[in-house]
There are 2 protein chains.
Amino acid sequence: MPRYLRLMDSLIASGHSRVSSSEIGEKLGFTPSQVRQDFSNFGEFGQQGYGYNVKALREQIAGILGTDRGYKAVLLGVGHIGRALMGNFCFSEWGFNLVHAFDVDSTKIGTEYRGVAISDMKELDSYLQSNPVDVAVLTVPKDVAVEVARHLSTCGVRAIWNFTNVELFEPGTDVIVENMHFSDSLLSLGYFISERQDEEEKQKK
Amino acid sequence: MPRYLRLMDSLIASGHSRVSSSEIGEKLGFTPSQVRQDFSNFGEFGQQGYGYNVKALREQIAGILGTDRGYKAVLLGVGHIGRALMGNFCFSEWGFNLVHAFDVDSTKIGTEYRGVAISDMKELDSYLQSNPVDVAVLTVPKDVAVEVARHLSTCGVRAIWNFTNVELFEPGTDVIVENMHFSDSLLSLGYFISERQDEEEKQKK
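Residues numbered from 1 in each chain as written. Chains lettered and ligands numbered in written order. Predicted model: local features only at pLDDT ≥ 70, side-chain atom pairs only at ≥ 80, totals over all residues. Heavy atoms only, no water.

Student: Lay out the overall build of chain A with the relevant residues and their values.
Tutor: When you go through chain A residue by residue, the secondary structure sums to eight helices and nine strands. Computed over C-alpha atoms, the radius of gyration of chain A comes to 21 Å, more than 25% over the 17 Å expected from 2.2 N^0.38 for 205 residues, which places it beyond the range of a compact globule. Expressed along its principal axes, the backbone C-alpha trace of chain A runs to roughly 60 × 50 × 35 Å. Within chain A, buried positions represent 47% of all 205 residues. In chain A, the 20 positive side-chain charges and the 27 negative ones have mean positions that sit 5 Å from each other. (Helix = DSSP H or I, 4+ residues; strand = E, 2+ residues; numbered from the N terminus. Rg over C-alpha atoms; globule rule 2.2 N^0.38 Å. Buried < 20%, exposed > 50% of the residue type's maximum accessible area, 1.4 Å probe, protein only. Lys, Arg positive; Asp, Glu negative; His and termini not counted. Charge placed at Lys NZ, Arg CZ, Asp CG, Glu CD.)

Here it is in structure tokens:
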């Protein structure tokens, strides 16, 4: 679904008003029937033979993904990754509102970065009591990740967007965890390269 | 596979020497038969009833993932994400060697960050000619992402690790692209939250 949304945005940007399931499939590397299957799971979007209205489809997908719900997020740990997200990542485009950041570094506390105030991590609890949020963006150092995550699960935070490369909870916990595991991604890349190399060597023989 | 590797590392760190497919499945939220299936696809690792030898399994998985191949990587764009990767991400742990970084900012060119030299982006071509690399880590700004990626595909780079949130190539291109799409991950998170909310509302009724 996120990839569909991204594609719709680029189609809208390039002035397309209608798109067929085969065009969508071609762009994303899916079969047209996969595309139709995905969309039909979420109700009727298109009409056989006429393709989909790009804008209507975009709205439907955005609705399914909840980008119209205005989820509130706080960011914990204003290091490089934290700053990258605060500075270069457009939360609002994806239906999220980054309302506050927290850190332990006294040189950062009390300052702002790209319009987001940074407070002392010690004030997190009292902040969350008066300003409930849906998501905590976890960009703290590895060695405190589990501890901070456990604490968050007692503060009414519904979900954690985890950038720490640490496995946070056993399955079955109440808090939703979405991991950005850099290492998994790099390992996949390495796997694809080695597969490609093996193929090339086979062909040489 | 990357998740299996991560689990093996944490088992080794906590002093485990053997592990069963049901224990692995429990930790990662898979069924034991899924685990056995995954491993059997890559040859025989374990013995029915005795579980797997953790260290041997770790080596096998690492080998499959190519972490022993010592891939060379350069990083393009020493912004926040670039620095986060250079400073906090251990490439060598995953079988990669980050050998050089490039940027266009004259205040960064000629300096080092965490032991990695930063050169002028203009020198990339001549560098790659004398120092072929496998992977380019793409952490340049969005608006030059496609241009830089196209250029890389003419320089003998086999793979791009893409942090730009831009869709780089049409399917079928020769260069391997592994995307770290932050927005996809956040959208998935939003989707899980909205699903959970819908469930809770249903239960209330």
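From this point, the discussion proceeds with the structure in view.
Student: Describe the relation of the copies chain B and chain A, naming the residues involved and giving the relevant values.
Tutor: For these two chains of identical sequence, chain B goes onto chain A by a turn of 180 degrees and a shift of 0.0 Å along the axis, with RMSD 0.1 Å. Given the turn and translation reported, the copies of this chain are related as if by a two-fold rotation axis. In terms of proximity to the rotation axis, the leading residue of chain B is His80(B), whose C-alpha is 2.5 Å off the axis. Both copies share a contact surface, since 98% of the interface residues of chain B are interface residues in chain A too. (Least-squares fit on C-alpha atoms with pLDDT ≥ 70 in both. Contact = heavy atoms within 4.5 Å.)

Student: Can you tell me about the sheet that holds strand E9 (residues 176-179) of chain B, naming the residues and giving the values?
Tutor: All names here are of chain B. Read from one edge of the open sheet, seven strands run E5-E6-E4-E3-E7-E8-E9, paired in mixed fashion. Edge positions in the open sheet fall to strand E5 (112-113) and E9, since each of these has one partner strand only. In the packing of helix H7 (residues 142-153) onto the sheet, contacts are made with strand E3 (71-76), strand E7 (135-138) and strand E8 (159-162), and the angle to E7 comes to roughly 175 degrees. (Pairing = 2+ DSSP bridges. Axes fitted to C-alpha atoms, helices over the stretch in contact; angles between N-to-C directions.)

Student: Break down the pairing of strand E4 (residues 96-103) of chain A for me, with residues and values.
Tutor: Residue and element names in this part refer to chain A. Here E4 lies mainly inside the structure; six of its eight residues are buried. Pairing between strand E3 (residues 71-76) and E4: six bridges, direction parallel. By the bridge assignment, Tyr71 is partnered in E4 with Phe96. For the segment spanning E3, helix H5 (residues 80-88) and E4, crossover handedness is right-handed. Across three bridges, the pairing between E4 and strand E6 (residues 116-120) is parallel. Of the residues in E6, the one forming a bridge with Phe102 is Ser119. (Right-handed = clockwise from strand over helix to strand, strands pointing away.)

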